[in-house]
Amino acid sequence: MNFPLRLFAAVLCTCLGAAAVPALAQTQSQTMPLLVLNSLSDSVSVINPADWTETRRIPTGKQPHHLYLTPDEKSVIVANALSDTLTFIDPRTAEVQRVVRGIIDPYHLRFSPDMKWFVTAANRLNHIDIYRWDGTDVTLVKRVPTGKTPSHLWIDSKSTTVYSSMQDSDELIAIDLGTQTIKWRTPTGLTPADVFGTPDDKFLLVGLTGSDAVEVYDVSGKQPQRTRLIKTGAGAHAFRALGDGRHVLVSNRVGNTISKIDLQTMAVVDVYPAPGGPDCMDVSRDGKFIYVTSRWARKLTVIDMASRKVVRQVNVGKSPHGVWTLDHAPTH
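Given the structure is predicted, the values throughout are model-derived calculations rather than measurements.

S.K.: Would you mind showing me how to read the sheet that holds strand β9 (residues 117–122) here?
M.R.: Strand pairing in a sheet takes place through backbone hydrogen bonds and is either antiparallel or parallel in direction. With antiparallel pairing, four strands are arranged side by side in an open sheet as β8-β9-β10-β11. Here the strands that pair on one side only, and so sit at the sheet edges, are β8 (108–111) and β11 (138–145). For this sheet the average axis-to-axis angle between neighbouring strands, irrespective of direction, equals 20°. Pairing geometry for strand β10 (residues 127–133) and β11, over seven bridges, is antiparallel. The residue of β11 that forms the bridge with Ile-128 is Val-144.

This is how it looks when you write it as structure tokens:
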């Protein structure tokens, strides 16, 4: 997606080059690599957290846009949208496990918590594909036409419903996994992107990348009800649970910040600087650091949550879009 403030934001982040950032205190017990997806370099950067160097780059298919750690944590899956492939990477060794072909336009991806369903959003081709997963391979069950530009997916904790934002028609849809049919469709604010469900499955949060806020929907009934609008920052985009069962982070890509939302009060309770167009995030196992891809600066940025300061930036490839490590805080 393009934004009118993109160049302005990129200029602002140049003052935070890696050489000007103080060293990250060695208080983490990390042993696993960080994997950073580079959408326009067709690769994944492997970062060694011991010395914060990029040790190598793993070639992927064309235009990988999202990566996803499977619920059993055995593989990180990279979705290569223009190659119609999935690259499976071992999160412990950063070695490619296999490449799965014939997955049409996988832009975003998600496993159901019970690992029986695997779902991909075809952002370019306007459909959502629902696959069965047998523990090894995926089998297409149904291709669901959705309308304009399905973007980000979320599956409830019961593995019954998949939600998808529709970024070019400003909508949110819900699909029943059992019948593979659309349950409902509701209008949203401008350019909805990532979606995040509360642990009790009652509420769904939607980042409005074309605006400066997060919408909250009550999805516990037959039809969704918008209950709140949380002002966060320009270009509200991607979510990451903090791992304490109560808070979630949202990256504000144009505002160059990350907001911390309390899920009990549905209010912003803290804000962190995140230069260079913050996108997808992960959180360190001890909950002290945010790892975020700075999309317009070609960097992985590390933020100390206690001091609210950027403590490290690592050069990676073009348009870094996602980051995962096995040494992470819980995802709920």
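S.K.: Honestly, the packing of aromatic side chains in this entry has me stumped. Any pointers?
M.R.: When we look at a pair of aromatic rings, we describe it by the centre distance and by the angle of the planes. Inspection of every chain in the model, using the stated rule, returns seven aromatic pairs. When the ring of Tyr-163 is compared with that of Trp-184, the centres are 5.9 Å apart and the planes differ by 45°; the resulting orientation is tilted. You can see Tyr-163 sitting in strand β13 (residues 161–166) and its partner Trp-184 sitting in strand β15 (residues 181–187), a full 21 residues away along the chain. Owing to a relative accessible area of 6%, Trp-184 belongs among the buried residues under this scheme. Members of the aromatic cluster, each reached through a chain of ring pairs, are Phe-111, Phe-118, Tyr-131 and Trp-133. Its end group placed over the ring of Phe-88, Arg-98 keeps NZ or CZ at 4.5 Å from the ring centre. Of note, Arg-132 hangs over the ring of Trp-117, and the distance from its end group to the ring centre comes to 3.8 Å.

S.K.: I would appreciate a short explanation of the pattern of salt bridges in the present structure.
M.R.: When their charged atoms lie close together, side chains carrying opposite charge are able to pair. For the structure on display, the rule yields 15 salt bridges. A salt bridge links Arg-98 to Asp-137, with the nearest nitrogen and oxygen atoms 3.2 Å apart. Here Arg-98, found in strand β7 (residues 96–101), pairs with Asp-137, found in the loop between β10 and β11; they are 39 residues apart in sequence, far enough to count as distant. Overall, the relative accessible area of 28% leaves Arg-98 in the partly exposed class. Overall, Asp-137 belongs to the partly exposed group, its relative accessible area being 39%. A salt bridge links Asp-212 to Lys-231, with the shortest nitrogen-to-oxygen separation between them at 3.1 Å. Within this pair, whereas Asp-212 is found in the loop between β17 (203–208) and β18 (213–218), its partner Lys-231 is found in strand β19 (residues 225–231), the two being separated by 19 residues in sequence. The class for Asp-212 is partly exposed, based on a relative accessible area of 28%. Residues joined in a network through salt bridges with shared partners are Arg-253, Asp-279 and Arg-295.

S.K.: In this structure, what is going on with the environment of Pro-145? I would like to understand it.
M.R.: Mapped onto the elements, Pro-145 comes out in strand β11. The exposure class of Pro-145 is exposed, given its relative accessible area of 64%. As a C-alpha pair, Pro-145 and Pro-199 span 54 residues in sequence and 28 Å in three-dimensional space. Here Pro-145 is in contact with Asn-126, His-127 and Ile-182, once residues within four sequence places are set aside.

Definitions and cut-offs
- Residues numbered from 1 in each chain as written.
- Predicted model: local features only at pLDDT ≥ 70, side-chain atom pairs only at ≥ 80, totals over all residues.
- Heavy atoms only, no water.
- Pairing = 2+ DSSP bridges.
- Helix = DSSP H or I, 4+ residues; strand = E, 2+ residues; numbered from the N terminus.
- Axes fitted to C-alpha atoms, helices over the stretch in contact; angles between N-to-C directions.
- Phe/Tyr/Trp six-rings, centres within 6.5 Å; stacked < 30°, edge-to-face > 60°.
- Buried < 20%, exposed > 50% of the residue type's maximum accessible area, 1.4 Å probe, protein only.
- Lys NZ or Arg CZ within 6 Å of the ring centre and 35° of its normal.
- Salt bridge = Lys/Arg side-chain N within 4 Å of Asp/Glu carboxyl O.
- Contact = heavy atoms within 4.5 Å.

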